[in-house]
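# Remarks on the overall topology
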Amino acid sequence: MDSGLITIFLPIALAIVMAGMGLELTLKDFARVSKHPKAVLIALFCQLILLVGIAFLICKILALPPLLAVGLMLLAASPGGTTANLFSYLYKGDIALNITLTAINAIIAAVFLPLIVNFSILYFMNEGQQVGLQFTKVLQVFLIILVPVCIGMIIRHYAPHVAEKLNRPVRIFAVVFLLIIILGAIIKERSNLVDYLGQIGLATALFCAISLMVGYFVPRMLGISSYQARACAFEIGIHNSTLAMTIALTIMASTTIAMPAAVYSIFMYIFATIFGILITKFAPQDAVKTV
């Protein structure tokens, strides 16, 4: 993948994708937390604490190479996205809760993601390897996540009809963009691809499956309805691999760090579909309550 394309096109394309996320959000999505905080707090605990810890354990147990370990931790720290809303809709989850979590995660990720990535670099990388997120790069992460989302929300607030017209094209663009960066990363690393799949395939498959199960069963064990737990499962289990790959390729300038997110993207849709079918068939569906 050409370096000029990476440094110019990818951040702009990601900004469009993140703005598309903002097109689906309003201030009411943030205010909704105060009315029904339990499901939101449990989901955030699962995503920010449990899954990051699980990703760390997977890195340690499978003895992942340093750059791939950092890549998996970057993926774990990446929030969910609008794809979770689609799966929640398909498998009868609380879409309002998904939107609420998406709104909060967009804010938290701007601060949380650089902290987790820097910790991972300090822990997994050798002293001679420099792939850190210094202050200017942390600021880039903050801007690349938060500013486009805010722009999208402003458009939604002041020009809702424009937001509705833009929504579908931006969603299509997001899918195409994800496919392009996955293909670009694979082409660049094609000589190492078999090794990467051997090293990171099991780790990403485990992480994807565990994310979905944690997202559903932990809320259920803590008294959250099946309706809301389904929303939590997809919000927690479907990470924003587009964001993770773009940060890896542009801000961190490492195709290797991007590989876990690329491989995870392949498993994500398959596992989420299977999981959705299983919980729809076997999990009890309780009364629908909106958040």
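This one's a predicted model, so the numbers in the text were calculated from it and none came from an experiment.

## Structural notes on the packing of helix α3 (residues 37-61) against helix α4 (residues 66-77)
Following both chains from N to C, one finds α3 and α4 inclined at 165°, their axes separated by 9 Å at the closest point. The orientation of α3 relative to α4 falls into the category roughly antiparallel. Crossing geometry of α3 relative to α4 is assigned as right-handed. Between α3 and α4, the residues in contact are Gln 47, Leu 51, Val 52, Ala 55, Phe 56, Ile 58 and Cys 59 and Ala 69, Leu 72, Met 73 and Ala 76, respectively. Of the residues contributing to the contact of α3 with α4, the split by class is 10 nonpolar, 1 polar and no charged.

## What to know about the confidence of the model for the protein chain
The predicted model of the protein chain averages 81 in pLDDT, with 82% of residues at 70 or higher. The least confident element of the protein chain is helix α1 (residues 3-22), whose mean pLDDT is 69; the most confident is α4, at 94. Every residue in residues 287-291 scores below 50 in pLDDT, and together they form 14 contacts with partners more than four places removed in sequence or on other chains.

## Overview of the packing of α4 against helix α6 (residues 95-124)
Between α4 and α6, the least distance of the axes is 9 Å, while the angle of their chain directions is 160°. For the element pair α4 / α6, the angle class is roughly antiparallel. Crossing angle aside, the handedness with which α4 passes α6 is right-handed. Residues Pro 66, Ala 69, Val 70, Met 73, Leu 74 and Ala 77 of α4 form the contact with α6, whose own contacting residues are Phe 112, Leu 113, Ile 116, Val 117, Ser 120, Ile 121 and Phe 124.

## A look at α4
For α4, spanning 12 residues, the distance from its first C-alpha to its last is 17 Å, which sits close to the expected 16 Å at 1.5 Å a residue. The buried fraction of α4 amounts to 10 of the 12 residues, a majority that puts the element mostly inside the structure. Those residues of α4 not exposed but buried are Leu 68, Ala 69, Val 70, Gly 71, Leu 72, Met 73, Leu 74, Leu 75, Ala 76 and Ala 77.

## Some details on a nonpolar patch on the surface
A cluster of nonpolar residues, Leu 57, Ile 61, Leu 62, Leu 202 and Leu 206, forms a patch on the protein surface that exposes about 460 Å² of accessible area. Among the secondary structure elements, those contributing two or more residues to the nonpolar patch are α3 and α9 (193-221). As for its position among the elements, Leu 62 is in the loop between α3 and α4. Classification of Leu 62 as partly exposed rests on a relative accessible area of 31%.

## A few points about the environment of Ala 244
Note that Ala 244 resides in helix α11 (residues 241-251). Here Ala 244 falls in the buried class, since its relative accessible area comes to 1%. On a C-alpha basis, the gap between Ala 244 and Ile 257 in space is 9.0 Å, while along the polypeptide they are 13 residues apart. Sequence-distant contacts of Ala 244, defined by excluding residues within four places in its chain, comprise Leu 74, Leu 75, Ser 78 and Ala 261.

Parameters at a glance
Residues numbered from 1 in each chain as written. Predicted model: local features only at pLDDT ≥ 70, side-chain atom pairs only at ≥ 80, totals over all residues. Heavy atoms only, no water. Axes fitted to C-alpha atoms, helices over the stretch in contact; angles between N-to-C directions. Helix = DSSP H or I, 4+ residues; strand = E, 2+ residues; numbered from the N terminus. Parallel < 35°, antiparallel > 145°, perpendicular 65-115°, else oblique. Left-handed = near helix turned anticlockwise from the far one by under 90°. Contact = heavy atoms within 4.5 Å. Nonpolar A, V, L, I, M, F, W, Y, C, P; charged D, E, K, R; others polar. pLDDT = per-residue confidence, 0-100. Expected span 1.5 Å × (residues − 1). Buried < 20%, exposed > 50% of the residue type's maximum accessible area, 1.4 Å probe, protein only. Patch = residues over 30% accessible without salt bridge, like charges linked within 9 Å, V, L, I, M, F, W, Y side chains within 5 Å. Areas by Shrake-Rupley, 256 points an atom, 1.4 Å probe, with all protein chains shown as cover. Salt bridge = Lys/Arg side-chain N within 4 Å of Asp/Glu carboxyl O.

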